[in-house]
Amino acid sequence: MLTQQIIRARNLRNIYQMIDQNAGISRATLAKQSKLSKTTVSSLVDELIAGRYIEDCGVTVSRLQGRHPNELRVDGDDNVVAVISWRRTRLDIALVSSDSTLAFRDQIPICEQENSIECIRHSFFDILLPEVGAARLMGVCIIVPGIVDDIRRRINSTVLGITFSDPVVQQLTDMMVGYPLCILNDTACFAYAESVFTKIEDPFYAYINVSRGVGACLFADGKMLRGAGGMSTQFGHFSIDHNGPQCLCGNKGCLERLIGEYALDERADACGLSKDLPNGRRPLFSDVGALAENGNEAALKLIRELAQDLAFGLSNLISMFNPSLIVIGGTGVNLGPSFLKEVHAALSKIGFREFVSRVKLQYSRLGLDSELTGAAQYYINHHYDFSGEMPDGPFLR
């Protein structure tokens, strides 16, 4: 049942989002676009100003005659979201201002012997929290590369080695008592950032995260789709070779197992590229991309093979979903322009012609930090309650 309190909370969030997406917008324009009365909009704006969520920047500078409206902007100085991206060997930590700028950024290494939950505790309480200072901490986002099941309150990540039986969600919840907590999938964060910050106009598109794991997010009419149980697609565990190598998920020939960054070791060996790669660490997409740019034949061969495998998975996704745009992001962009060109060429040969011919293929326009800003933006836009009735959570996506 919708109460007046719920309606007002929704209206506050909607007005805030409109101001966030249209810096300098006026009250009159807000009323027109929101279809709320001028009196209601004025009241909502005043409440957001009093709460230090937005600020009135004064009269607009304009050459037009007549009375000029006041500009409204998000107050990024007074509001931050703490974001922790949990990786296998490190934590990427940040304070993201409500205007989506990085107020603080650091990396914390995780050794194999260390307890990752304790590293997260240390990163938040000993590093991020003191950096908040006088600002309002709106919430805490923890990003994981894996399945986030919001129905059963559990996480599964082949990258982190977490299974559904591990009590990770409860451990994180107990740790963050008193702080609104949101646990998010990494691909969803990248994809949401792409959607919000680059103003994609295609109503049906797919974001593909090619990193150590492989993920996908689908958008229909500009909205991120969710599967049964609230979980997103597991594109990385789409099998493209039923006789392929065993994946940690139990399946064989998964995309993640074949083209993820962790697969480069054996793929490089098979292509005769290992002798040209840095010693002492796992090869990265950036290593292969740099060699390919310099004309290394083995690197170019590996890129063609990786592109063929990704194109096989994409051709099936295109046949099912028929997007007009596919954005490839993650560390896979470091494979360079030759990889994108090879994916496009492979798709044109193996995909359903009618659908593939209409698909635009491009790299993400954003850097890897967009995962952090995307997480904060998603949390604010979907979970934060500007009316002050903020529960601890956790919110899972």
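The residue numbering used here restarts from 1 in each chain and proceeds along that chain's sequence as written. Whole-chain, interface and lining totals are the exception, using all residues; otherwise, since this is a predicted model, local features are given only for residues with pLDDT of at least 70 and side-chain atom pairs are given and counted only at 80 or more. Hydrogens are left out, water is left out, and the side-chain values use all remaining heavy atoms of the structure.

Asker: Explain the overall build of the protein chain here, please?
Answerer: Put simply, DSSP H or I for four residues or longer makes a helix, DSSP E for two residues or longer makes a strand, and each gets a number counted from the N terminus. Scanning the protein chain from N- to C-terminus turns up 13 helices and 15 strands. When we talk radius of gyration, it's over C-alpha atoms, and the globule rule is simply 2.2 Å times the number of residues to the 0.38. Taking 21 Å as the expected radius of gyration for a compact globule of 397 residues, we find that the protein chain reaches 23 Å, a close match to that expectation. Evaluated residue by residue, the protein chain yields a buried proportion of 53% over its 397 residues. Areas reported here follow the Shrake-Rupley algorithm with a probe of radius 1.4 Å; residue values treat only the protein chains shown as occluding. When the accessible surface of the protein chain is totalled, it reaches about 18,400 Å², and 50% of it is carbon and sulfur. When charges are tallied, Lys and Arg are placed among the positive residues and Asp and Glu among the negative ones, while His and the ends of the chain are skipped. To locate a charge, take NZ of a lysine, CZ of an arginine, CG of an aspartate or CD of a glutamate. Between the mean site of the 39 positive side-chain charges and the mean site of the 45 negative ones, the protein chain shows a separation of 7 Å. In this scheme, a residue with accessible area under 20% of its type's maximum is buried, one over 50% is exposed, and one in between is partly exposed, where area comes from a 1.4 Å probe on protein chains only.

Asker: What's the story with the sheet that holds strand β9 (residues 181–185) in this structure? I'm lost.
Answerer: Paired through their backbone hydrogen bonds, the strands of a sheet run either parallel or antiparallel. When DSSP finds two or more bridges between two strands, those strands count as paired. Read across the sheet, 6 strands follow the order β5-β4-β3-β6-β9-β15 without closing on themselves; strand pairing throughout is mixed. Across the chains shown, the open sheet's two edge strands, defined by having one partner strand only, are β5 (102–109) and β15 (395–396). Both strand β4 (residues 90–97) and β5 contribute to a ladder of 7 bridges, which runs antiparallel. Note on β5: the bridge partner recorded for L91 is I108.

Asker: What am I meant to see in the packing of aromatic side chains here?
Answerer: Geometrically, a pair of aromatic rings is defined through the distance of the ring centres and the angle of the planes. Planes of paired rings set the category: under 30 degrees apart is stacked, over 60 is edge-to-face and the rest tilted, where pairs are Phe, Tyr or Trp rings (Trp by its six-membered ring) whose centres lie within 6.5 Å. Evaluation of the coordinates by the stated rule reveals 14 aromatic pairs. Judged by centre distance (6.5 Å) and plane angle (35 degrees), the rings of F235 and F238 are tilted. The class of F238 is partly exposed, set by a relative accessible area of 27%. Pairing Y384 with F386 gives two aromatic rings, centres 5.0 Å apart and planes at 75 degrees, and the pair type is edge-to-face.

Asker: Just checking my understanding: could you explain helix α11 (residues 337–350) for this structure?
Answerer: Counting along an α-helix, one turn takes 3.6 residues, and residues three or four places apart therefore face a common direction. Expected helix span is taken as 1.5 Å per residue step, with the number of steps being one fewer than the number of residues. A rise of 1.5 Å per residue sets the reference length of α11, with its 14 residues, at 20 Å; its end C-alpha atoms lie 20 Å apart and thus fit the reference within 8%. Note on contacts: a residue pair is in contact if any heavy atoms of the two residues lie within 4.5 Å. On its buried face, α11 sits against α9 (285–293), α10 (297–321), β13 (325–329), α12 (353–356) and β14 (360–363).

Asker: Sorry, what's going on with the pairing of β9 here?
Answerer: Regular strands have side chains that alternate between both faces of the sheet. When you tally the buried positions in β9, you get 5 out of 5 residues, the bulk of the element. Burial along β9 is two-sided: L181, I183 and N185 and C182 and L184, pointing in opposite directions, are all buried. As paired elements, strand β6 (residues 136–144) and β9 share 5 bridges and run parallel to each other. Among the inter-strand pairings, I143 is bridged to a residue of β9, identified as L184.

Asker: Would you mind showing me how to read the state of the cysteines here?
Answerer: Note on terminology: a disulfide is the covalent bond linking the sulfur atoms of two cysteines. Cysteine sulfur atoms that pair up within 2.5 Å are treated as a disulfide. In total, this model carries 0 disulfides according to the counting rule given. Take C247: it sits in no disulfide, and the sulfur closest to it among the cysteines is that of C249, at 3.7 Å. The partly exposed category is assigned to C249, whose relative accessible area is 38%.

Asker: For this particular structure, what's the right way to read the sheet that holds strand β12 (residues 223–224)?
Answerer: Judged by pairing direction, the sheet is mixed, and its 5 strands sit side by side in the order β12-β11-β10-β13-β14 without closing on themselves. For this open sheet the edge positions go to β12 and β14, each flanked by a neighbour on one side alone. With 4 bridges joining them, β13 and β14 adopt parallel strand pairing. Each residue of the ladder has a partner; that of L325, found in β14, is K360.

Asker: Which parts of the structure should I look at to understand unusual backbone geometry?
Answerer: What you tend to see is this: most non-glycine residues have negative phi, and most peptide bonds are trans. For R153, which is not a glycine, the phi torsion comes out positive at approximately 60 degrees. Mapped onto the secondary structure, R153 falls in the loop between β7 (147–149) and β8 (154–156). Note on R153: relative accessible area 40%, which makes it partly exposed. Located in the positive-phi region is K199, a residue other than glycine, with phi close to 55 degrees.

Asker: Looking at this structure, I do not really get the packing of helix α4 (residues 116–132) against helix α5 (residues 168–175). What am I missing?
Answerer: When two helices pack together, their arrangement is given by the angle between the helix axes and by the axis-to-axis distance. The angle between two axes is taken between their N-to-C directions and runs from 0 to 180 degrees, where each axis is a line fitted to C-alpha atoms and a helix contributes only its stretch in contact. For the pair α4 and α5, interaxial distance at closest approach is 11 Å and the crossing angle is 25 degrees. Taken together, the axes of α4 and α5 are roughly parallel relative to one another. You can see that α4 and α5 cross each other, and the crossing is right-handed. Note on element contacts: α5 touches α4 through V168, Q171, L172 and M175, opposite I117, I120, R121 and F125. Working rule for angles: under 35 degrees goes down as roughly parallel, over 145 as roughly antiparallel, 65 to 115 as roughly perpendicular, anything else as oblique. Crossing handedness follows the turn of the near helix against the far one: under a right angle anticlockwise gives a left-handed crossing, and clockwise gives a right-handed one.

Asker: Explanation requested: the pattern of salt bridges in the structure shown.
Answerer: Oppositely charged side chains can pair when the atoms bearing their charge come close. Here a salt bridge means any side-chain nitrogen of Lys or Arg lying within 4 Å of a carboxyl oxygen belonging to Asp or Glu. Counting across every chain of the model gives 22 salt bridges. For D78, the salt bridge goes to R52, with nearest N and O atoms at 3.8 Å. Note that D78 is positioned in the loop between β2 (70–74) and β3 (79–86) and R52 in the loop between α3 (38–50) and β1 (54–59), a separation of 26 residues in sequence. On the accessibility criterion, D78 (24% relative accessible area) is partly exposed. Of the residues examined, R52 reaches a relative accessible area of 35% and is grouped as partly exposed. Between R152 and D149 there is a salt bridge; the shortest N-O distance is 3.4 Å. For R152, a relative accessible area of 52% gives the class exposed. In the salt-bridge network here, residues are joined through shared partners; they are R90, D92, R105 and D369.

Asker: For this particular structure, what's the right way to read the nonpolar core?
Answerer: Membership of the largest hydrophobic core comes to 48 residues, with the highest contact counts inside it found for I15, L30, V83, Y379 and F386. Residues in contact with I15, not counting those within four places in the same chain, are L30, S34, L36, V41, L44, V45 and L48. What is meant by a nonpolar core is a set of buried Ala, Val, Leu, Ile, Met, Phe, Trp, Tyr and Cys residues, joined one to another through side-chain atoms within 4.5 Å. Counting 45 residues, the second-largest nonpolar core is a separate cluster that includes V214, V288, A298 and A311.

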